[in-house]
Amino acid sequence: MHSTTASEIIRDNPGILDCVKEGVGRVVGMGIPHSKRLLPLWGLVLPTVLHGVLHYVVSSTVQKLVLFLLRRRGPAKQPADGSETVQTMLDAYFPELAASFVASLCADVLLYPLETVMHRLHIQGTRTIIDNTDLGFEVLPINTQYEGIRDCINVIRREEGTLGFYKGFGSIVVQYSLHAAVLQITKVIYNTLLQNA
């Protein structure tokens, strides 16, 4: 059954204006023939807005808290060798970069379950296929039938458990590991400039 569905999805040749037709159908809440499971746009507004607002609130709060703690450590020591400009740049910008990093990390980790729900609702009923990583030689369609945000949460909890909300979390780990590496390289470069000035 999966291979038949997958082959139908792969053979499907959408036209140039199909995305416009599907978009209009989604806005007015009418399903397109292939996508009866497609949720209307108004059903996706709540999780999307909720995620955006919560992400902003969490990241802003954590950023202010981290900046307060970093600046509370005490005044930075001023070098006597004339490299005050570079030291001032380091003292001014690095705490803000670090606070922004920690704030984004906290918001993304805390809100990852909501983001999982939001993404599943957004792709439901679209022509989405994924590689079968278990066998490695076929693709599988994503066939879900969520009725809304509450149903999606309940189905994930019931069928996949709590860890189902964290599928794909490794991408966040890789993203923030690279981000942390860039921050450390930036700090090393500023410190090198400070010592060589």
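Residues numbered from 1 in each chain as written. Predicted model: local features only at pLDDT ≥ 70, side-chain atom pairs only at ≥ 80, totals over all residues. Heavy atoms only, no water.

Peer 1: Help me understand the pattern of salt bridges in this model?
Peer 2: Close approach of charged atoms allows side chains of opposite charge to pair. Under the counting rule described, the total for this entry stands at 3 salt bridges. Measuring nitrogen to oxygen at the nearest pair gives 3.4 Å for the salt bridge that ties Arg71 to Glu96. With Arg71 in helix α3 (residues 41-72) and Glu96 in helix α4 (residues 84-110), the pair connects residues that are 25 residues apart, well separated along the chain. Residue classification places Arg71 among the exposed residues on the basis of a relative accessible area of 51%. The partly exposed category is assigned to Glu96, whose relative accessible area is 37%. (Salt bridge = Lys/Arg side-chain N within 4 Å of Asp/Glu carboxyl O. Helix = DSSP H or I, 4+ residues; strand = E, 2+ residues; numbered from the N terminus. Buried < 20%, exposed > 50% of the residue type's maximum accessible area, 1.4 Å probe, protein only.)

Peer 1: Would you explain the nonpolar core in this entry?
Peer 2: Note on soluble globular proteins: their nonpolar side chains tend to be buried together. Membership of the largest hydrophobic core is limited to 9 residues, which are Leu39, Leu44, Val117, Leu121, Tyr146, Cys152, Val155, Ile156 and Phe165. Mapped by element, the contributors of at least two residues to this core are α5 (112-123) and α6 (149-160). Among the elements that line this core, the one with the most residues is α6, at 3 residues. Apart from the residues lying within four places of it in its own chain, the contact partners of Ile156 are Val117, Arg120, Tyr146, Gly161, Gly164 and Phe165. (Core = buried A, V, L, I, M, F, W, Y, C linked by side-chain atoms within 4.5 Å. Contact = heavy atoms within 4.5 Å.)

Peer 1: So what exactly am I meant to see when it comes to the environment of Val66 here?
Peer 2: Along the chain, Val66 turns up in helix α3. A C-alpha to C-alpha distance of 8.6 Å links Val66 and Ser100, two positions 34 residues apart in sequence. Aside from chain neighbours lying at most four places away, what touches Val66 is Ala99 and Val102.

Peer 1: Explain a nonpolar patch on the surface here, please?
Peer 2: A cluster of nonpolar side chains, namely Leu41, Val45, Val49, Val53, Tyr56 and Val57, defines an oily patch on the protein surface of about 540 Å² accessible area. Position of Val49 relative to the elements: it lies in helix α3. (Patch = residues over 30% accessible without salt bridge, like charges linked within 9 Å, V, L, I, M, F, W, Y side chains within 5 Å. Areas by Shrake-Rupley, 256 points an atom, 1.4 Å probe, with all protein chains shown as cover.)

Peer 1: What exactly am I supposed to notice about the confidence of the model for the protein here?
Peer 2: Where the model shows low pLDDT, its predicted coordinates should not be examined in detail. For the protein, the mean per-residue pLDDT works out to 77, and 65% of the residues sit at or above 70. Ignoring residues within four places in sequence, the model shows residues 1-11, a span with pLDDT below 50, making 10 contacts including any to other chains. (pLDDT = per-residue confidence, 0-100.)

Peer 1: What is the right way to read the packing of α5 against α6 from this model?
Peer 2: Packed helices, taken two at a time, are described by the angle their axes make and the gap between the axes. Closest axis-to-axis distance for the α5/α6 pair is 10 Å, and the angle between their directions is 110 degrees. By the criterion of interaxial angle, the relationship of α5 to α6 is roughly perpendicular. Handedness of the α5/α6 crossing: right-handed. Residue-level inspection shows Leu114, Val117, Arg120 and Leu121 of α5 in contact with α6, the latter providing Ile149, Cys152, Ile153, Ile156 and Glu160. The class makeup of the residues in the contact of α5 with α6 is 7 nonpolar, no polar and 2 charged. (Axes fitted to C-alpha atoms, helices over the stretch in contact; angles between N-to-C directions. Parallel < 35°, antiparallel > 145°, perpendicular 65-115°, else oblique. Left-handed = near helix turned anticlockwise from the far one by under 90°. Nonpolar A, V, L, I, M, F, W, Y, C, P; charged D, E, K, R; others polar.)

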